[in-house]
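Take a look at the letters that make up each chain.
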Amino acid sequence: MLGIKNIERVKPGGIELVDRLVGVQRVTKVTKGGRAFGFSAIVVVGDEKGVVGFGLGKSKEVTSAISKAVEDAKKNLVRVPLLNGSLPHEQSAKYGGADIFLRPASNGTGLIAGGAVRAVLESAGVKDVLSKSKGSSNPHNVVKATVKALLSLRSAEVIAQQRGISLSKVFKG
């Protein structure tokens, strides 16, 4: 998913998931007999405790497009490292034309993000973060860039393990 290795996938069994609709678009297919209208939906689901996923759904009706997107999102759940309701460190990611920057914030700051970025971060359970979305505002690319940034985050335990040092030495530097 999104070209990132070492992703911890999560099975939805036993997790209480909340879904957020990011966007619905009407799409048109021009045929010999006229125009055929359909709908495309993008949905973000998460347990608000570090698990998040997104999905796309297409159908002739809005409700079935949304339900297909929710089912697709449940198949793509991943765990994100959180630190006291915020992120462990700054992270940026680019997907298509969308460029996302996420910075951890002190407790009580709130979620400073808009649109698709806010939906992904709320679903993941992030409470305090500063974000900036540059480039394209296409919801599909913004959601994918935000998830890519969250998947690139590393917890202090993972950093200590990768460096082969103790956890206390990670915080001394």
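What you see is a predicted model, and the numbers here were worked out from it, not measured in a lab.

Trainee: Can you tell me about the side chain of Thr146, naming the residues and giving the values?
Mentor: Checked against the element boundaries, Thr146 lands in helix H3 (residues 139-151). Assessed through its relative accessible area of 0%, Thr146 is described here as buried. Of the polar contacts made by the side chain of Thr146, one reaches the backbone oxygen of Val142; its length is 2.7 Å. Discounting chain neighbours no more than four positions away, the residues touching Thr146 are Ile100, Val117, Val120 and Leu121.

Trainee: Describe in detail a nonpolar patch on the surface, supporting the description with residues and values.
Mentor: On the surface, a nonpolar cluster with roughly 200 Å² of combined accessible area is contributed by Leu21, Val24 and Val62. Considering the arrangement of structural elements, one finds Val62 in helix H1 (residues 62-74).

Trainee: So what about the side chain of Asp47? Which residues, and what values?
Mentor: Its location among the elements puts Asp47 in the loop between strand E2 (34-46) and strand E3 (51-59). We note that Asp47 is buried and unpaired, the nearest opposite charge coming from Arg79 at a distance of 5.2 Å. Of the polar contacts made by the side chain of Asp47, one reaches the backbone nitrogen of Gly50; its length is 3.5 Å. Of note is the side chain of Asp47, whose polar atom sits 3.0 Å from the backbone nitrogen of Val51. For Asp47, the residues in contact, after removing those within four places along its chain, are Ile15, Glu16, Leu17 and Ser123.

Trainee: Tell me about the sheet that holds strand E8 (residues 129-135), and please be specific about residues and values.
Mentor: Reading across the sheet, the four strands line up as E5-E6-E8-E7 and stay open at both edges, with mixed pairing between neighbours. In this open sheet, the two edge strands, each paired with only one partner strand, are strand E5 (91-95) and strand E7 (111-112). Bridge analysis of E5 against strand E6 (residues 98-104) gives five bridges, and the strand direction is antiparallel. Bridge pairing in E6 places Ser92 opposite Phe101. The sheet contacts of H3 involve E5, E6 and E8, and relative to E5 the element is tilted by about 140°.

What counts and what doesn't
- Residues numbered from 1 in each chain as written.
- Predicted model: local features only at pLDDT ≥ 70, side-chain atom pairs only at ≥ 80, totals over all residues.
- Heavy atoms only, no water.
- Helix = DSSP H or I, 4+ residues; strand = E, 2+ residues; numbered from the N terminus.
- Buried < 20%, exposed > 50% of the residue type's maximum accessible area, 1.4 Å probe, protein only.
- Polar contact = N/O pair within 3.5 Å; in protein donor to acceptor, adjacent residues only side chain to side chain.
- Contact = heavy atoms within 4.5 Å.
- Patch = residues over 30% accessible without salt bridge, like charges linked within 9 Å, V, L, I, M, F, W, Y side chains within 5 Å.
- Areas by Shrake-Rupley, 256 points an atom, 1.4 Å probe, with all protein chains shown as cover.
- Salt bridge = Lys/Arg side-chain N within 4 Å of Asp/Glu carboxyl O.
- Lys, Arg positive; Asp, Glu negative; His and termini not counted.
- Pairing = 2+ DSSP bridges.
- Axes fitted to C-alpha atoms, helices over the stretch in contact; angles between N-to-C directions.

The values reported here are purely geometric and, on their own, carry no functional implication.
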